[in-house]
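# Per-entry structural report
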Amino acid sequence: MDEVDPLRNFRDRFLVPRQHNGDEVIYLTGNSLGLQPKQTREYVEQEFHDWATLGVAGHLRAQNPWLLYHEFLTVPLARIIGAKHSEVVAMNSLTVNLHLLMVSFYRPTSKRNKIVIEKGAFPSDQYAVESQIMFHCDAETRRRGDTVRERLIELAPREGEAILRTEDILKTIRQHADEIALILLGGVNYYTGQAFDMKVITEAGHEIGAIVGFDLAHAAGNIPLRLHEWNVDFAAWCSYKYLNGGPGSVGGIFVHENHANNFELPRFAGWWGNEKQSRFLMRPDFVPMSGAEGWQISNPPILQMAALRASLEIFQEAGMEKLREKSLSLTGYLEFLLDEINDKRISVITPRNIEERGCQLSIRVKEADKTLFESITSRGVFADWREPDVIRVAPVPLYNSFSDVFRFAEILKSCLE
Ligand SMILES: Cc1ncc(COP(=O)(O)O)c(C=O)c1O
């Protein structure tokens with residue numbers, strides 16, 4: 001499979017960490033921190049060079065002028081998430097962006113004020129949503145103490161099941177039709193690896209008059225996305241996972257063009273969201289840009305963006321369709337090998353249906369026995385343990401091989417033995 005893999009040469013474009021003995025690790029944590037593309041250093045060094053030689057003049061005269069730098073990322077990001085260029089901008093970090101978007105798109109009223117999330121959503125999302133609920137209510141409601149409980153709807157799997165059924169999500173949305181202000185789900189759940197049917201959920205949300213947003217941390221660069229077509233209202237993601245932008249690298253947002261010119265929406269403003277023509281006139285009145293760029297606040301972090309740009313160019317070359325094709329067989333192969341191991345102490349909780357997952361498989365370990373994870377780690381596998389009882393493994397089509405998956409399965413099997 002590696003020999004006939006049309007994407008096999010992309011692995012050489014990345015730096016794979018090595019073990020003490022000099023062998024490459026089996027890196028299956030691209031869902032946590034993607035590997036460094038070799039060209040990243042060169043892209044960042046270009047900015048160091050321009051900063052050193054041009055100083056402040058680099059804003060206009062750098063090889064890639066800093067004033068416009070975020071725009072270099074727009075086209076590849078738009079392609080990855082299925083959006084129009086005007087609907088996308090790279091900025092800030094993920095949780096910050098979720099807050100900024102909720103400031104605009106969570107508009108609770110006395111009757112319609114609930115937010116729907118996944119039970120067991122990534123903690124940062126949970127904290128963000130709960131604090132937005134508190135932020136949006138008056139002091140008296142805040143003091144009551146049960147506001148969050150009243151206004152948060154958490155979608156939980158059925159008893160004895162690990163993943164959410166779409167029919168149950170839709171049922172909950174319809175049951176609370178008059179009360180839901182916002183539905184905010186992960187595109188892919190970080191724990192189970194379940195990919196949600198964003199199109200259908202968005203339609204159901206809109207039918208009842210709610211706004212629908214997605215956290216694409218585990219979806220961007222992992223599964224095919226058509227945010228514009230699906231009519232998703234907004235989304236945010238980070239770029240340090242599948243997008244290989246580097247630790248803490250700059251995030252991104254999507255705002256559907258339906259909202260591009262809705263200047264009635266409240267927003268936390270900053271000068272980078274102000275119309276370009278008048279941004280440097282230093283006027284006190286804020287005139288927001290049309291589209292996603294109008295949500296920008298600060299001038300962009302060039303070094304981070306340079307790193308992300310290096311990686312996005314590789315995505316452009318490889319193409320999401322080819323990546324998805326390889327991803328399906330790579331993860332399918334992993335699933336096959338885990339089935340072959342056929343050990344009662346481990347079970348995959350990620351959906352078997354390929355439409356409902358990306359590259360990650362989440363392996364539940366019986367009795368939360370973390371020593372299994374420790375054993376595979378000591379033998380050169382980079383996977384991760386997520387409390388309470390899951391080992392996440394994510395073969396990434398850009399740089400993982402079928403041999404990586406095979407070696408991982410052999411190690412897992414021998415550790416179980
Ligand atoms: C689903 C999800 N949401 C939020 C975050 C937090 O991201 P950040 O630290 O960039 O705000 C992460 C980080 O891994 C995540 O996976």
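Since the model is a prediction, treat every value here as computed from it, not as a measurement.

How each quantity is defined
- Every residue gets a number counted from 1 within its own chain, in the order that chain's sequence is written.
- Only residues with pLDDT of at least 70 get local features here, since the model is predicted, and only at 80 or more are side-chain atom pairs given and counted; chain-wide, interface and lining totals rely on the full set of residues.
- Each side-chain value is worked out from all heavy atoms of the structure, with water and hydrogens disregarded.
- Numbered from the N terminus, helices here are DSSP runs of H or I no shorter than four residues, and strands are runs of E no shorter than two.
- Only the C-alpha atoms count toward the radius of gyration. The rule for a globule is 2.2 Å times the residue count to the power 0.38.
- Each residue gets one of three labels from its accessible area relative to the maximum for its type: buried under 20%, exposed over 50%, partly exposed in between, using a 1.4 Å probe on protein chains only.
- The contact definition used throughout considers only heavy atoms, calling two residues in contact when any of these lie within 4.5 Å.
- A 1.4 Å probe and the Shrake-Rupley method give the accessible areas. Residues count as covered only by the protein chains that appear here.
- For this count, His and the chain ends are skipped, Lys and Arg are scored as positive, and Asp and Glu as negative.
- One atom stands in for each charge, and that atom is NZ of Lys, CZ of Arg, CG of Asp or CD of Glu.
- By convention a nonpolar core is built from buried Ala, Val, Leu, Ile, Met, Phe, Trp, Tyr and Cys residues, the set being connected through side-chain atoms within 4.5 Å.
- It suffices for a single heavy atom of a residue to lie within 4 Å of a molecule or strand for the residue to be listed as near it.
- Any N or O atom pair separated by 3.5 Å or less is treated as a polar contact, with the protein-specific requirement of one donor-capable and one acceptor-capable atom, and with residues adjacent in sequence counted only for side-chain atom pairs.
- Under this grouping Gly is polar, as are all residues other than the nonpolar Ala, Val, Leu, Ile, Met, Phe, Trp, Tyr, Cys and Pro and the charged Asp, Glu, Lys and Arg.
- Any two strands with at least two DSSP-identified bridges between them are counted as paired.
- The axes are straight lines fitted to the C-alpha atoms, using for helices just the contacting stretch, and the angles between their N-to-C directions are given from 0 to 180°.
- What the arc covers is the set of directions going from the helix axis to the C-beta atoms.
- Each angle gets one of four labels, with under 35 degrees taken as roughly parallel, over 145 as roughly antiparallel, 65 to 115 as roughly perpendicular, and the rest as oblique.
- The handedness criterion is simple: a crossing whose near helix is rotated anticlockwise from the far helix by less than a right angle is left-handed, and one whose near helix is rotated clockwise is right-handed.
- By this rule the span expected of a helix is its residue count minus one, scaled by 1.5 Å.
- A residue counts toward a patch only above 30% relative accessible area and without a salt bridge, and it is joined to like-charged neighbours within 9 Å or, for Val, Leu, Ile, Met, Phe, Trp and Tyr, to nonpolar neighbours within 5 Å.
- Salt-bridge detection follows one rule: a side-chain nitrogen of Lys or Arg within 4 Å of a carboxyl oxygen of Asp or Glu.

Scanning the protein for helices and strands turns up 15 helices and 15 strands. The C-alpha radius of gyration computed for the protein amounts to 22 Å, which stays within 12% of the reference 22 Å derived for 417 residues, consistent with globular compactness. For the protein, the spread of C-alpha atoms along the principal axes amounts to about 70 × 60 × 35 Å. For the protein, the proportion of its 417 residues judged to be buried stands at 55%. Residue pairs in contact within the protein that sit at least 24 positions apart in sequence constitute 69% of those at least 6 positions apart. Accessible surface, the protein: about 18,700 Å² in total, of which carbon and sulfur atoms supply 51%. Across the protein, the mean location of the 46 positive side-chain charges is 2 Å away from that of the 56 negative side-chain charges.

What follows concerns the nonpolar core. Counting 72 residues, the largest nonpolar core has I81, I183, L216, W237, L243 and L398 as its most contacted members. No other element matches the 10 residues that helix α12 (residues 302-318) contributes to this core. Core analysis: the second largest hydrophobic core is formed by 30 residues, L98, F105, Y106 and A217 among them.

Attention now moves to the site of the ligand. Within the structure, the ligand sits among S93, L94, T95, F122, D125, D215, A217, H218, Y240 and K241. Between the ligand and the protein, one listed contact pairs an oxygen atom with a side-chain N or O atom of H218 at 3.1 Å. Side-chain polar atom of Y240 to an oxygen atom of the ligand: 2.6 Å apart, as the coordinates give it. For the ligand, whose free accessible area comes to 400 Å², the fraction covered by protein is 80%. Grouping the amino acids of the shell around the ligand by side-chain chemistry returns 4 nonpolar, 3 polar and 3 charged.

Spatial ordering of the open sheet is given by β4-β10-β9-β8-β7-β5-β6, a layout of 7 strands whose pairing is mixed. If you trace the sheet from one side to the other, it starts and ends with β4 (88-90) and β6 (152-155), each paired once. Across the sheet, the mean angle separating the axes of adjacent strands is 15 degrees when strand polarity is ignored. Pairing between strand β8 (residues 211-215) and strand β9 (residues 234-237): 3 bridges, direction parallel. What sits directly across from F214, in β9, is A235. Its contacts with the sheet put helix α3 (residues 69-81) on β4, β9 and β10 (252-255), and the angle it makes with β4 is roughly 125 degrees.

Right, let's get into helix α9 (residues 198-207). Of all the positions in α9, only M198, I201, T202, A204 and G205 are classed as buried. Relative to the axis of α9, the buried residues are bounded by an arc of 165 degrees and lie together on one face. The secondary structure elements touched by the buried residues of α9 are α8 (166-175), β7 (180-186), β8 and α10 (227-230). Taken from the residues just after α9, G209 is the one with a positive phi, measuring 85 degrees.

A separate point is the packing of α8 against α9. Put simply, α8 and α9 touch, their axes get as near as 9 Å, and they point 15 degrees apart. When the axes of α8 and α9 are compared, the pair comes out roughly parallel. For the crossing formed where α8 meets α9, the hand is right-handed. From α8, T166, I169, L170, I173 and R174 reach across to α9, where they touch V200, I201, A204, G205 and E207. Considered class by class, the residues forming the contact of α8 with α9 number 6 nonpolar, 2 polar and 2 charged.

A few words now on helix α15 (residues 402-416). Helical geometry note: an α-helix holds 3.6 residues per turn, so side chains three or four residues apart project in the same direction. Taking 1.5 Å as the rise per residue, α15 with 15 residues should run 21 Å; its terminal C-alpha atoms sit 21 Å apart, in good agreement. Buried within α15 we find F402, D404, V405, F408, A409, I411, L412 and L416.

Its place among the elements puts Q296 in the loop between α11 (276-279) and α12. One polar contact links Q296 to H70, side chain to side chain, over a distance of 3.4 Å. One polar contact links the side chain of Q296 to the main-chain carbonyl oxygen of E293, over a distance of 3.0 Å.

Reading across the sheet, the 4 strands line up as β11-β12-β15-β14 and stay open at both edges, with antiparallel pairing between neighbours. A single partner strand is all that each edge strand has here, and the edge strands are β11 (346-348) and β14 (384-386). The average angle at which neighbouring strand axes cross in this sheet is 30 degrees, direction not considered. Alignment of strand β12 (residues 361-365) against strand β15 (residues 390-393), held across 4 bridges, turns out to be antiparallel. Following the sheet pairing, I363 is matched in β15 by I391. Each of β11, β12 and β15 touches helix α13 (residues 320-341); the most contacted strand, β12, lies at about 20 degrees to it.

As for its placement among the helices and strands, T350 is situated in the loop between β11 and β12. Engagement of the side chain of T350 in a polar contact is seen with the backbone oxygen of T192, the distance being 2.7 Å. Setting aside residues up to four positions removed in sequence, T350 forms contacts with T192, G193, R357, Q360, L361 and S362.

This paragraph deals with a nonpolar patch on the surface. A surface patch of nonpolar side chains, amounting to about 320 Å² of accessible area, comprises F48, W51 and L303. For L303, the position within the fold is in helix α12. Classification of L303 as partly exposed rests on a relative accessible area of 36%.

In short, the description is geometric, and any link to function would need to be established separately.
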